[in-house]
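Report on the structure
As a plain string of letters, each chain reads:
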Amino acid sequence: MNLVRRTLIAAATLAALSTPLASLAQDIKPRLIRFGYGLNEQSNQGRAVKLFAEQVEKASGGKMKVRAIGAAALGPDTQMQQALIGGAQEMMVGSTATLVGITKEMALWDTPFLINNGKEADALLDGPVGQKVIAKLPEKGLVGLVYWENGFRNLTNSKRPVTRLEDLDGIKLRVMQNNVFLDSFKTLGANAVPLPFSELFSALETKTVDGQENPFNTILSSKFYEVQKYLTVTNHVYSPWIVLVSKKWWDGLSKDEQKVLMDAAQVSRDFERKDTREEAGKALADLKAKGMQINELSPAESARMRDKLTRVNASIAANVGMDLWNETQAELGKIRARK
Ligand code: TK8
């Protein structure tokens, strides 16, 4: 046998072998899901990702495996979103506010004082309005599974207690990379600076910025109390998180695999919201114990802030579309009328 012939035979044998081998390998090798998130492992976000991973592994009989990668080790929200769209990463959880550049309807959740409590949040996010916003994602290369609770945002800074709007004058305040937040805090008189969350702690530590706004849970789990003295209870907006999947990857899954992910996402959502609310309920006392000086706004100042902040509403409505805006208001009316 000459060399060419021998090589041909070897190639043919390999080709014959490779088909069954490949499908066998797929049966044995679990599907690996890289699931990125921004907060620490020891946070409401980290705990819920862990639970999601356990659920997926259990429900798939070990055929699907979630590798949870926290603390923005895969990059800030915006970078992970692009990785999902390109198919280089399978899953993430992050803020809806950083998604607005991709899906403008997400800006609905940036509306100051839109949602007053957990009951309203659950009904609005899990109801037709929340689902309508989620349905805008696939055309952008993303699949949204569920919303988790980030929570009501509150203000911290290292300069002075904020008891009146004027106290914000000249305070360099980090905001999320999102125009509504930028405009809102400029309107309040702060010097608003957009920064990814992953850079926030060190920006506060080095005094590149004086303050920031986030839910109590995050102020606690990200140890902002180490670099921020003053906390003002403002509850100026309810922030959701959203669990996202790469559509490119999702489309290659079987219906059963998709169901495993969706079911686990729903279990994680219920767990996460309960966990977050429990933690938020005692976080203020914890933050006080850590040395933060905490104040509430007087009703008059609170009303002034609300009045200024809600001036961005008209532009949000125009951005997300009047139909969605009106439907949201109608839905909230219905939710509030329910006992
Ligand atoms: C975490 C962020 C965070 C958000 C922020 O990646 O950026 O301030 O509240 O939760 O999504």
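Preceding block: the structure.
Computed from a predicted model, the values in this text were never measured in an experiment. (Residues numbered from 1 in each chain as written. Predicted model: local features only at pLDDT ≥ 70, side-chain atom pairs only at ≥ 80, totals over all residues. Heavy atoms only, no water.)

With respect to spatial proximity, the complete set of residues near the ligand consists of Gly-38, Leu-39, Asp-77, Ser-95, Asn-150, Arg-153, Arg-174, Met-176, Phe-197, Asn-214 and Trp-241. In the model, an oxygen atom of the ligand is placed 2.9 Å from a nitrogen or oxygen of the Asn-150 side chain. In this structure, Trp-241 approaches the ligand through a side-chain N or O atom, which is 2.9 Å from an oxygen atom. In isolation the ligand has 310 Å² of accessible area, and contact with the protein removes 98% of it. For the shell around the ligand, the class distribution of residues is 4 nonpolar, 4 polar and 3 charged. (Near = heavy atom within 4 Å. Polar contact = N/O pair within 3.5 Å; in protein donor to acceptor, adjacent residues only side chain to side chain. Areas by Shrake-Rupley, 256 points an atom, 1.4 Å probe, with all protein chains shown as cover. Nonpolar A, V, L, I, M, F, W, Y, C, P; charged D, E, K, R; others polar.)

As a further point, take the packing of aromatic side chains. This structure, assessed with the given rule, holds 5 aromatic pairs. Seen in terms of ring centroids, Phe-197 and Phe-224 are 5.9 Å apart; in terms of plane orientation they differ by 55 degrees. Their pairing is tilted. Highlighted residues: Phe-197 in the loop between strand E7 (191-194) and helix H7 (200-205) and Phe-224 in the loop between helix H8 (216-221) and strand E9 (230-233), separated in sequence by 27 residues. What makes Phe-197 partly exposed here is its relative accessible area of 22%. Under the relative-accessibility criterion, Phe-224 is labelled buried at 1%. Centroid distance Phe-201 to Phe-224: 6.4 Å. Interplanar angle 25 degrees. Geometry classified as stacked. Of this pair, Phe-201 sits in helix H7 while Phe-224 sits in the loop between H8 and E9; the two residues are 23 residues apart in sequence, bridging distant segments of the chain. When its relative accessible area of 25% is taken as the criterion, Phe-201 is described as partly exposed. (Phe/Tyr/Trp six-rings, centres within 6.5 Å; stacked < 30°, edge-to-face > 60°. Helix = DSSP H or I, 4+ residues; strand = E, 2+ residues; numbered from the N terminus. Buried < 20%, exposed > 50% of the residue type's maximum accessible area, 1.4 Å probe, protein only.)

Running from amino to carboxyl end, helix H4 (residues 118-126) crosses helix H10 (residues 255-289) at an angle of 160 degrees, the nearest separation of the two axes being 12 Å. In terms of axis orientation, H4 runs roughly antiparallel to H10. Both H4 and H10 take part in a crossing whose hand is right-handed. The residues of H10 that touch H4, namely those facing Gly-118, Ala-121, Asp-122, Leu-125 and Asp-126, are Arg-269, Arg-273 and Arg-277. A breakdown of the residues in the contact of H4 with H10 according to their chemical character gives 2 nonpolar, 1 polar and 5 charged. (Axes fitted to C-alpha atoms, helices over the stretch in contact; angles between N-to-C directions. Parallel < 35°, antiparallel > 145°, perpendicular 65-115°, else oblique. Left-handed = near helix turned anticlockwise from the far one by under 90°. Contact = heavy atoms within 4.5 Å.)

What follows is about the pattern of salt bridges. For the structure shown, the criterion picks out 24 salt bridges. Across the salt bridge formed by Glu-105 and Lys-104, the nearest N and O atoms sit 3.1 Å from each other. Among the salt bridges present, the one from Glu-331 reaches Lys-334, with a minimum N-O distance of 3.6 Å. Residue Glu-331 and its partner Lys-334 are located together in helix H13 (residues 322-337), separated by 3 residues, close to a single helical turn. Relative accessible area serves as the criterion here: at 9%, Glu-331 is assigned to the buried category. The network of salt bridges with common partners includes Asp-122, Asp-126, Glu-149, Arg-269, Asp-270, Arg-273 and Arg-277. (Salt bridge = Lys/Arg side-chain N within 4 Å of Asp/Glu carboxyl O.)

Keep in mind these numbers describe shape, not what the thing actually does.
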